[in-house]
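Residue-level structure breakdown
One-letter residues, chain by chain:
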Number of protein chains: 2
Amino acid sequence: MRLTTFTDFGLRALMRLAGEPTRAFSTAELAEEFAVSRHHLAKVISVLAGAGLIATRRGGGGGAMLARPADQIRLGEVVRLLEADQVLVECFAPAGNLCTLTPRCRLKARLAKAEAAFLAELDESTLADCIYTPAEKV
Amino acid sequence: MRLTTFTDFGLRALMRLAGEPTRAFSTAELAEEFAVSRHHLAKVISVLAGAGLIATRRGGGGGAMLARPADQIRLGEVVRLLEADQVLVECFAPAGNLCTLTPRCRLKARLAKAEAAFLAELDESTLADCIYTPAEKV
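Below is a short write-up of the structure. (Residues numbered from 1 in each chain as written. Chains lettered and ligands numbered in written order. Predicted model: local features only at pLDDT ≥ 70, side-chain atom pairs only at ≥ 80, totals over all residues. Heavy atoms only, no water.)

Another aspect to go through is the relation of the copies chain B and chain A. Turning chain B through 180° and shifting it by 0.0 Å along the axis lays it on chain A, with an RMSD of 0.0 Å. Taken together, the rotation angle and the small translation identify this as a two-fold axis. When the interface residues of chain B are mapped onto chain A, 100% of them are again interface residues, pointing to one common binding face. (Least-squares fit on C-alpha atoms with pLDDT ≥ 70 in both. Contact = heavy atoms within 4.5 Å.)

Following this line, the structure appears as structure tokens:
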């Protein structure tokens, strides 16, 4: 079972923003701190902003910050958003399912229930439980 | 969140074997019925056999069959086995974790708990709950 790097980077960014909620972070700064691709991170930030989880301001002193208090952002919500185009197995996709077992399959509902349990467990925590601050900032 | 095609094919094969537990299936026959790569399926069968979930017999009339009654094979056990080399996120890998947040991360334990909830939910069902038989065999 695997989450995408996209989701992983998004979670890292949100945890970092939650660590200093009044400061705006540039994508370049976050990418350098995390030692990850700036281009990849920029796409994640864009999706998080589009979903209203972070607010971005352009120009000097601009950047990204949490749009809502960290304790009002559940981890399940973040993962659902960032994994929106990922399907657990082929038959979960709205199109392109070639599985010959589909019409008589008794597994799919069980897999869906397991995925729901995964997300429900994540919904038990908010970003406030996962605040990240680099050691030198403490 | 995504399971590998390897796991998906393994589950399909086990569900099919469970449908006719006294018959030996050749990999070629299963691959044709499922319309999937025979080579890929052969690797899955080999792992399932290595783990003692299926028994294989060589030669004419040979093939694969369940090594244990279907009601004694939990879905979580199958998924744990087939996803053994998959990590939920980078830091779950024993080596090669480059995430700079790792030493101070408060997310990892929560992700691990969610993964455990996913597998625990699958452990509520056995292969006997997911028996598959093609329509023409019923």
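The next subject is the pairing of strand β1 (residues 54-57) of chain B. Residue and element names in this part refer to chain B. Relative to strand β2 (residues 63-66), β1 is paired through four bridges, and the arrangement is antiparallel. Residue pairing in the sheet places Arg 57 in a bridge with Gly 63 of β2. As consecutive antiparallel partners, β1 and β2 are separated by five residues, and within that stretch Gly 59 has a phi angle of approximately 85°, a positive value. (Pairing = 2+ DSSP bridges. Helix = DSSP H or I, 4+ residues; strand = E, 2+ residues; numbered from the N terminus.)

If you look at the interface, chain B gives 43 residues, while chain A gives 43 residues. Regarding the contact of chain B and chain A, the summed buried area is about 4,400 Å², with carbon and sulfur atoms giving 63% of it. Summed over the shared surface of chain B and chain A, the number is four salt bridges. The closest approach of N and O atoms between B:Glu121 and A:Lys113, which form a salt bridge, is 3.7 Å. Across the contact surface, chain B and chain A share 19 residue pairs in polar contact (both at pLDDT 80 or more). When residues of the side of chain B that touches chain A are traced back to their parent elements, those giving at least two are α1 (5-19), α2 (27-34) and α5 (108-122) of chain B. Residue contributions to the side of chain B that touches chain A peak at nine residues, all from α5(B). Taken together, the residues of the side of chain B that touches chain A sort by class into 26 nonpolar, four polar and 13 charged. (Buried area = accessible area lost by both parts, 1.4 Å probe. Salt bridge = Lys/Arg side-chain N within 4 Å of Asp/Glu carboxyl O. Polar contact = N/O pair within 3.5 Å; in protein donor to acceptor, adjacent residues only side chain to side chain. Nonpolar A, V, L, I, M, F, W, Y, C, P; charged D, E, K, R; others polar.)

Further remarks concern the nonpolar core. Ranked by size, the top nonpolar core spans 85 residues in total, and within it A:Phe118 and B:Phe118 carry the most contacts. At eight residues, the largest contribution of residues to this core is made by helix α1 (residues 5-19) of chain A. Setting aside anything within four residues of it in sequence, one finds A:Phe118 in contact with A:Met1, A:Leu3, A:Val79, B:Met1, B:Leu88, B:Leu111, B:Ala114, B:Glu115 and B:Phe118. (Core = buried A, V, L, I, M, F, W, Y, C linked by side-chain atoms within 4.5 Å. Buried < 20%, exposed > 50% of the residue type's maximum accessible area, 1.4 Å probe, protein only.)

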